[in-house]
Each structure stands twice: as C-alpha cells, then as structure tokens.
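# Report on the structure
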Amino acid sequence: MKRAAGFVQRHPAIWPILGCVLFFLLIGGLTGSLDPTVVFTAARLATFAALLGLAQMIVVTSGDGAIDLSQVYVLTLCAYASTTLMDASPVLGFLAAVLIGGFAGLVNGVINVYLRIPAMVATLATGYLYFSLILVGSSHMKVLPQPDFVALVTGSVGPVSTQTILVLVVAVALAVVLYRTSYGKQLHAVGQNRTAAFLAGIPTGRVVITAFVTGGLLSGLAGVIAAAVMGGAFQDMGMAYFLPSIAATFVGGTAASGGRSSVLGVSFGALMMTLMSSFLNTAENMFDLVSGIKQLIMGAFLVLILFVSVAGTKKHRRSRAGAPATLKASIGD
Amino acid sequence: MGSSAAQVTTGGATLAGATEPLLMLRDIDKSFGITRALSRASFDIFPGEVVGLVGPNGAGKSTLIKLVTGVLEPTAGTIRVQGREVQQISHREVAQIGISCAYQDLSLCTNLAIYENFALLNMNHAPWAPVGWRKAKMSEADALLERFFPGNQIDVAKPVSALTLAERQMVEICKALMNENLGLLILDEPTSALSANRADQLHRAVREISQTGVAVVYISHKLDEIQKICHRIVLLKNGTNAGEFDPRQISSDDLVSVMGGEVRVRDRSGTQTAAGPALVSASKLNGSGLKDVSVEINSGEIVGVSGLVGSGQTTLLKTIFAARNGRRSSLRVNGRVAYVSGDRAGEGVFPLWSILDNILVSSMRTVNRFGLLSQARSRDVAQHWFDRLRFRAEGVDSPITSLSGGNQQKALIARGLASGADILLLNDPTAGVDIETKQEIYTLLAEAKAAGKAVVLHSTEDVEMEICDRVYVMREGHVTEELAGDDVTVQNVVRASFAEVERSDHVEKERSSRLAGLFQSRLLLPIAAMLIIYVLNAIVNPNILSLGSTRLLLNTAVPLVFAALGQMFIVTAGDIDMGNGYSIGLANVVVAVLLSQNVWVGVVSLLLLIGAYAAMGALIHLRRLPAIVVTLGAQFIWLGVALILAPVPGGASPKWLSRFYSSGVLYVPMPAVLCVVAAVVTWFIVFRWKYGMVLRGIGNNPDAIERSGWSYIVGKMVNYALAGLMVVLAGLFFTAVTYAADVNTSATFCMMSIATVIVGGCEMAGGVVEPIGVVAAGIAMSLITSLLIFVQVDSNLQLAVTGLIIILVLAARVVTRRRAVVA
C-alpha cells in the first residue's frame, strides 16, 4: 500500500492516464461501443490544451507562484499574426508569428523579474495589453489561414493527426530539455527555492525569463495552428482553452508551488480534459440536459480529480526539518 | 549566585528522590516507516530540575521532544504523566502540566506584531475581547520581554519580520515562558542566535524559574552552556540512551568524546601554509548595512568573520558572492565563488531532490556532454563526494530531506567544493550540527585551504574562529578588528565583538525610519492613485465635482470594491480566488431572480453560497489542493448553477435594493457611504478584531497558529466565508447597478479584483493585507475607466491602459518600497 502510494507520488502522470481510461470507458458506455477513433479525435482536439498546458507547466515550475495569465491572448495575437504574415511568406510568416509569442513571453518575464511584479499580476496586465492589440489591430489584419498550411495541419498519418504528432514532438523535446539538460535542472532548482538557487550560482533571472519565453513560444505555436485548424483567427479564440489548459497543468502533476513538473502528466491531462468534454457533449446530446448542468458536472469533476490526484503531495514550507522530513522519506521508499 | 545554583542542584536531587517525576518516558520506540528514530529510549523529568539533553544530530532529540510536546505518538513504550499512565501526551496533558517549547525553527507569525504573537497564546478563544485588550496585551508583552531580557529595546507593536534573528529568538523564548501554568519548559537550541550577555540573561531566567519548581529541558550543542546551567545531562545516541552525567563531574571534553566526536576544534599549528594571492579585496566598501569595510582574502587561507549576530557578517558574505560577476571599484573578486549557507531549509537544500542533484546543481558544467547531462558522470561525481564526506544515508539517490541537518550541511559543502570554486564562503555552516559532523566540516575546510582555495567562514560560535588563520570582527557594519595568528582566540574575538558598543546613531535611525515609514506605507500608493485619478477626472470634466456625478462615478465602483475585498480575504489566507467572476455572477442571478421574488428563498440561497465558500476553504485545506485550480473548477459550478437558475439574462433588481442604493446619508450618496463602511468594517475585522490575528496568521505561519492552540481549518473557513460574504455583497450591489441578472457580465471581476488587491497593497503570499488600500484601489480602478471614457480613448484601448497603469503603479511600489534584496 505504502509502496503504491510512493509510486503514485513519484509518477503523478498515473492520475490523468487513469482519468483518460475512465472517460474512454464512459463514452463507450454511452455510445455502446469502444471506438478507438474517439481517442484519436480527442488527441487532435487536445492539441491546444496540451500546448498551452505544457507552456503553463514551464512557467509554473519556475516557482514563486509564477503563472501566465496572458497565454490565451498571446495565442490569439499569434493567430492573427500568422494569418497576416503567412499570407506573405508561409515559412517566414510561421516563424515570425511563433516568435511574436516568444517576444510576448519575454515581456512578461522581464516585467516579472526586473520590475519585481508578481507574475500573476504582470501577466494579467500584459494580457490586457495583448488583448487591446488584438482589438485594435484585428480590423486591419487578414483572418483567413494559408491554405497549404491548413492542409498540412489538418492532415493525418493513418489515424493520427498531424497536430498530435506535432504535440508529441514538442513534448519529447521538452522532456529532454527539462530532465536531461542543465537548463532543466536549473529551472527545477529555481522553482523549489529561488534564494537557494541564486546562492548555488544559478542565474535565476535568466532562468525565469527563459521559462516565460518558452511558454510564449509554445502559446504562439498553439495560436498559429489554431488559426489554421479553425479556419481563421477571431478575437475570442483563446478563451475556450484557458480552463482546460490550466487544469491539464495541475492535474498532470505540476506543483503549484514550483519545482516539480511532468511532461507526460500534463500531456495526458490535456487529453483527459478533452475526453471529459466529449463525454459531457455526448451526454448532453443524448439526454437533452438543461443548460448549466454540463458546466456544473465539469467543475465538480475537475475538483474531484484534483481531490484524488493532487492530495497527499506534501506541501513543503521553508522552515521544515526533523520528523516530518523523515516521514516524507519513509513514504518515498 | 553560584552557591545558590549548587543548592538548587541538591534541592533538585532531593526533590527527585522524594516526589514522583513530572514526566516519565520508559522504553519508548518511535518509527517512521522503516526509519527508527527512537528505540527503547527513556527519559524522566522531575519538577524543578534543569535537564540538559545532548547528542549528535539525528540522535532522536527532536523526536523525543515531539513526543513530550504531544506532536507525535510513540510506537511503543510507556508514558506516565505525574504517575498516571497515558497512551500519548495529548493536548490535555500539555495544558494540564503546562508544557511549553521554544522551537528551533521559530514558531512565530512574522506578519503579526510581537504582542499579537503572545496574545494568540494566552487569550481565550471567545470571539470577542473587552475593549482595550490590545493596549493591555502590549504592556503585558513589554513587561515580559523586559523581565527576562532587560534592556532589550524591542518594540512590541512591530511585526516580527522587522526583528533581527537574535531579537526573534528572545521573543520566541518569552513566548514559551509566558505560559501561566508553566510546569515544563523545553528550550531547543535557544542561544543559537544570541550574544553572550543575552545568553547569560537567559540562563539567569532558567535558574530563576527552575527554583520555582518548573522543570526545564535544555537542548544545545554548546556544551559549556549545558554544563553551566544543568543539574543533570542526558545523552542520547542513535535513538537510545547513552548515559547520564552529573555536570560537575564531567568535563566538556569528556562529554564530547563520549558523544563520539574528537576533542575540540582542530589544532591550527602545523598546517600553516603560505597564503597565496588575494582573491577578494574590498576597500572602503559601503552599502546595505556595511560601513567602510576593507578586507582582503587570499588563496590558501581560512579567514573568519565574526562579531555579534547581525553585525553585517552575512551581508558581507552575500555582497562578495553577488560581486562575482560584476566589477565594483571597491570590491574585486578574482575567481569563482561558492556560497554555503547554514540556513539549510531557507537558502540551501532543494527539498524535492535527491542528494545527487543537490550536490551537482552548481557543477552541471562538468557533467555536460553535447548539451545533455551525462547520467553516468553525474553519478560518478556525486558518488565521489558521497564517499569522501561519509554521508549517513543509503545512497546518492536518497532524498535530501531524509538526511539529518548535519548531513544536509555536508551535501551543501560538497556542492560548493564540487563546483570547483576558488573562493568558498560559508555562512554559519555548523548551526545546529552535531560535534562529529562539525569535525568533518573543519577537516574539509582545512583540505580546501591546502588545495589553495580561499575560505571565508562566518560562524555564530566564537570557538570556531580558532580554526581560522585570520579573523575580521565586525560591529554594526564596521570591521572593528583584524586578528591574526596567535591572537585568534575566543577571548580576543569576544572582546573585539563588544568594542564600542553604545553608539549614537540610534536617534538618527529612528528619524529616518519615520520618513521612510511614510513612503513605505502600503496605503500611500492606492490612496495617491485614487486621488490623482479623481483629480484628473475633475480636470477633464469639472462637472464630476457635483454630488450627482460623484454618485454616478462611485456607483460602478462599489461592486468592484466588494469583489476585491472578497479576493483580499482569500489572499489573506495565502490563496487566490480565480472563480469570483462567476460566483459574483451567481450572486447577481440569485438576487435578481430569487431574492426579488421571495426574500427568504433568496436569503437562504445567498447563505448557501457563503457556506459553499467556507466548504471550499475546508476542502483546500484538508486535501492541500492548490487554491488556484480549485477555485477555477468551482467557477464552473457557479456558472452551471447560475445558468440553471437563469438560462437567459433577466430578472430584476429588488425594489428595496434600488431604493436603498439610490438613497444617501446627509447628502452623502449611498455608494460613498458603502465604500467607507466597507473599508472601516473590513479594517476592523482584519486588524482590530481578536480573531483577525488568526485570519492573518494562517496566511503566514499556520503551524504557529496551530501550536498556539487555534484551529487552522476554522481560520481558513472563516477567511473563505468572509470572502463569500463579500462576493454576495458584490453581487447584490452589482444587481443594483445593472438592474438585471446576467452571469456573464461579471466575469471581468476576477482579474480586476486581483489587480485591485495588489494595487491596494496586499502581498499575494498571504498574511499581509490592507483593507483600506484595497477599497481605495477599487475606487481608483473604476475611476480609470470613467477617465478614459471622458478623454474619449478608443474603447478598445481601455484595457491596455488599465494594464499599463497596473504595471506602472506596481513598478512605482518597487521604487518606493525597495527592500534590501540581495537575490
């Protein structure tokens, strides 16, 4: 029992994976057949929640309560940028649009680190800025995506969508960076204790800003793909992904206090959130639910999932030592 | 004094023979999983005696104390409390015999005033206290501090965060001493931050209270103190008893040797190598508390930095560390620098990591291959240090938190050494470390010196200065003396530490702090912002100075003010509410759809909403969930319920509500009255109400609150319920403004309330809040919108301007409230 608890604690991805299986079975229960295409479709639909969730994971892992609330606006901004710029040059336009996301992340990071404004408020404020840019600029921009690019991202290899492959590539690359490079170690160190990281010789400011930039690049990438998949950019396009992506981040085992991340967990978290809404949509259609019930169930289920998955993860405070530590160690064994 | 102490000793001994022990622990086992912290340990405590509890780190002293204070339950063994056998020492026994403990990790709420920390402990838990209780508690706290530490000059109205470490320790000890029913006092490393004369004051106090029949357990690594004040010494090793000694019959050196360590600090003679070139040289260094500091540190020597705690030693070390990249004319640093902190939990270990990662974090360059970290080489390097430093752990993959403090410290030193730094800065690396490990640390430092590194050692234990080749003694930011060679003795260090004690700049400090206080007030920014924006509004549109226009302006401010106050109560608890946009929307729907139809149904529904908030607080606490996600999830519940109640916008504002909202008190429009009332009432709740201490305390140090006997979960639920109440009020007045129910129009309150709370002067980390500032900021924020409308800014740009203003305002705060942050 204790060993199982220890295993689950070390591999937080277990919970979202179990959640995916559960919803797959529930959908099967409703429709009467376990159709694997449900999973492939959900994986395709989960693209944006996954990219944003991974982006958020990196930012949150930098610790100090960091969170990027401007993500959905960056996504929209980059979507507009891509439709406009790719019209001129598909490849350069693609790169430029993604880089705009990175630049937005840079702004967030610089404000957070150098002006010492808490990330939550800094990104809230820059989110307003980016959204205003969208509101002002959108009337001057092209909204239709580049057709070749649309064909590319909406295509598929066998049953697997190109978008899913792209998410997989991003996830693997991130996993390598986060768990096999100096930067990854530094990021997790900074997230656990910024003072200790600074005193260990880590350039904390640069590490945090890089986290924001990486997050911005991923949000930008999500925006470019979203514009192509949805047939164009529109002002509120990012909003729908705010909750699923944040939920994926935390359900996937990212420590809200920073320093702990799980690429696998967050990716499956995004898939689970998508399967959950597919399930609720199916149920809504079949049983003709009153409006509001869907949101109610979604919220309740999200809290429930957190209840089982995040619970038990010990919060570490700065002044902890002695017996609780021994206790923690014995659970880890 | 000496003879009376001896008398007490014999008195204590006869007492021990005659009366039954206060506490008797026999054959106690305590295991954590597979780790055995205590095995067949026994410990008796008699009234009126001072027992010294000594032993290496990891010997089980802390565990034993946790059993005595009722924090832990023994796995096996018998406990007798005044002869009565109990399963575990529970809260009842703790209260009955009056057990109090001054903890090593200080159990104070740093955001609360000193007297509030005391009051938490000795006030009853009734919700109200008689008027004037704060004044009474302040003088009580003052008297208490003055009684045990005469001449301390601590202002009890100041928050604990403004105190030096030594002052905090004094406060912590007094907090333990104030138990009216004190029967057993436990002091866990009480003098680690105290100067010699403060320690003497403490020892006098210990003698005094033991004469009144109070038992004292004194835990310390400073064996001379133990010998001086204890009647009996109990040695614990590997979780079991390793002997009991009479302090008059055992010398300090003997005690050290039975504890398993070498005798005394390493002898300096024989290792005298010629010092190499200067690696650090500071000349007339000033700033952040340092005054005209000139030091030179050469390769191949150990340089000590000593003086009374808080004389600038840590600042000097951190300044040298921070200067490693840049170049200042007054401070040159040649070579790579590593910093080893003795504050392991605060600035040393990475608690989620293994020993391996903790050692390697500063030397990843050496294990890098083609941009990736080589697993095999990482393991080799870590194993090398693991073997060399003889860690007491299963292996390099053991979590760092499974190590004792001393072994964690070794990992930190290994980190510094592994980084290949030329300059090693050690800030009190032996704090709370057992003697054996200390010896190992001294040996490591000697090796580093032999390898040509420059070692800078700051220690709060003066005796450690004897391993140094040279010592700089600091006093109030100055280097007052440099000792070298044979002059490096404890006596000389102590003498130099007290050089020119009384200084005249005390008055000057006071005056400048008053001016700084005005600038640093958290209220300055929001109130200034409110006034400036109001004036700007008036300049653009002079009509707003009329009462009617003021009403119009404030109309829209009131819901935001309450939304922000709701957010503030959750921020007080250290959490954040990401779902209040929709909970306010739900309250809006309930008011417009239910309350307007049937008052009772409406009232009950709103009460349910408040209850739901309290339940959310309980859930977050019980399962330790991140509030940000729970409230995000809850947002969908609020939205769902609201959509079920009102699928389409509709409903109406109750007539009485509209009438109330458009009324006024003596020409003052109701919205203005509401803002003032909201500010005063919430200010009262947070800062004047007795329970307000708990509300703020749990956002800062929930452990301290629980140790003081208050319930954490109740505090959290009250915070959340108050937030729920504010949400309901925000929804109510939002209905009065919009006249209808529409769950979606209030969604922006979430972001706006967070921004308002921060502009209002609250800290997102929790515990530090400013209700009046929040109200002012709420008004300022909604005035911004009207200002932008007046000056006909493109409505699309209004959000951008709001965002810019938030950034500017907070950037201004960084400038006005610049703190001494080294990182």
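Reading the values: the criteria
- Residues numbered from 1 in each chain as written.
- Chains lettered and ligands numbered in written order.
- Predicted model: local features only at pLDDT ≥ 70, side-chain atom pairs only at ≥ 80, totals over all residues.
- Heavy atoms only, no water.
- Buried < 20%, exposed > 50% of the residue type's maximum accessible area, 1.4 Å probe, protein only.
- Helix = DSSP H or I, 4+ residues; strand = E, 2+ residues; numbered from the N terminus.
- Contact = heavy atoms within 4.5 Å.
- Disulfide = S-S within 2.5 Å.
- pLDDT = per-residue confidence, 0-100.
- Pairing = 2+ DSSP bridges.
- Axes fitted to C-alpha atoms, helices over the stretch in contact; angles between N-to-C directions.
- Core = buried A, V, L, I, M, F, W, Y, C linked by side-chain atoms within 4.5 Å.
- Domains from an automatic or database assignment.
- Buried area = accessible area lost by both parts, 1.4 Å probe.
- Salt bridge = Lys/Arg side-chain N within 4 Å of Asp/Glu carboxyl O.
- Polar contact = N/O pair within 3.5 Å; in protein donor to acceptor, adjacent residues only side chain to side chain.

Within helix α19 (residues 547-555) of chain B the residues assigned to the buried category are S549, T550, L553, L554 and N555 of chain B. Among the structural elements, α18 (524-540), α20 (557-572), α24 (655-661), α25 (670-688), α28 (712-738) and α30 (771-790) of chain B are those in contact with the buried residues of α19 of chain B.

With that out of the way, let us pick up the state of the cysteines. What we call a disulfide is simply a covalent bond connecting the sulfur atoms of a pair of cysteines. Residue and element names in this part refer to chain B. The tally for this structure, following the rule as stated, stands at zero disulfides over all chains. For C762, which is in no disulfide, the shortest distance to another cysteine sulfur is to C750 and amounts to 15 Å. We classify C762 as buried; its relative accessible area is 1%.

Within the secondary structure, S219 of chain A sits in helix α12 (residues 204-229). Aside from chain neighbours lying at most four places away, what touches S219 of chain A is L52, A55, Q71, V74 and L75 of chain A.

In this section: the confidence of the model for chain A. Here chain A averages 85 in pLDDT, while 90% of its residues score no lower than 70. Counting interchain partners and residues more than four positions distant, the pLDDT-below-50 stretch residues 312-333 of chain A has 43 contacts.

Residues and elements named next belong to chain B. The strand order across the open sheet formed by six strands is β15-β18-β19-β13-β20-β21, and the pairing between neighbours is mixed. The open sheet is flanked by β15 (337-341) and β21 (478-484), the only strands paired with a single partner. Sheet twist, expressed as the average angle between the axes of neighbouring strands with direction ignored, equals 20°. Where β15 lies against strand β18 (residues 423-427), five bridges are found, and the strand directions are parallel. Bridge assignment links S341 to a residue of β18, and that residue is N427. Of the strands in this sheet, β13 (301-307), β15, β18, β19 (454-458) and β20 (470-475) touch helix α10 (residues 313-322), which is tilted by about 150° from β18.

As a further point, take the nonpolar core. All names here are of chain B. Counting residues in each nonpolar core, the largest one holds 219 residues, and the members touching the most others are M568, Y613 and I779. Contact partners of I779, with chain neighbours within four places excluded, come to M530, L554, A557, V561 and C675. Membership of the second largest hydrophobic core comes to 45 residues, among which are A141, L144, L187 and I226.

This part takes up the domain arrangement of chain B. All names here are of chain B. Examined at the domain level, chain B breaks down into domain 1 (2-98 + 181-259), domain 2 (110-178), domain 3 (278-497) and domain 4 (516-816). The partner domain 2 presents 13 residues to the 15 residues of domain 1 that form the contact. Taking both partners together, domain 1 and domain 2 bury about 1100 Å²; carbon and sulfur atoms supply 65% of that area. Among the residues of domain 1 in contact with domain 2, A193, R198 and Q201 are the three that bury the most area, contributing 38% of the side total. Our enumeration of links across domain 1 and domain 2 arrives at one salt bridge. For E208, the salt bridge goes to R147, with nearest N and O atoms at 3.9 Å. The interface formed by domain 1 and domain 2 contains five residue pairs in polar contact (both at pLDDT 80 or more). Among the secondary structure elements, those contributing two or more residues to the side of domain 1 that touches domain 2 are β7 (184-188) and α7 (196-211). Of all the elements, α7 adds the most residues to the side of domain 1 that touches domain 2, at six residues.

It is worth spelling out helix α10 (residues 182-192) of chain A at this point. Each α-helix turn comprises 3.6 residues. Residues three or four places apart therefore point the same way. Of all eleven residues that make up α10 of chain A, ten are buried, and the element is covered over most of its length. When we look at burial in α10 of chain A, the residues that qualify are S182, Y183, G184, Q186, L187, H188, A189, V190, G191 and Q192 of chain A. In this structure, the buried residues of α10 of chain A make contact with α4 (47-61), α9 (162-180), α11 (194-199) and α12 of chain A together with β16 (368-369) and β17 (372-373) of chain B.

Residue and element names in this part refer to chain B. A complete count under the given rule lists 26 salt bridges over all chains for this structure. Of the charged contacts in the structure, one is a salt bridge between R248 and D246, with a shortest N-O distance of 3.1 Å. On the basis of relative accessibility, which here comes to 21%, the residue D246 falls in the partly exposed class. In this structure, K449 and D469 form a salt bridge, with 3.0 Å as the shortest nitrogen-oxygen distance. Of this pair, K449 sits in helix α15 (residues 435-450) while D469 is found in the loop between β19 and β20, placing the two residues 20 residues apart along the sequence. Here K449 matches D469 in class, with each residue buried. Here the salt bridges share partners, and the residues they tie into one network are E49, R232 and E244.

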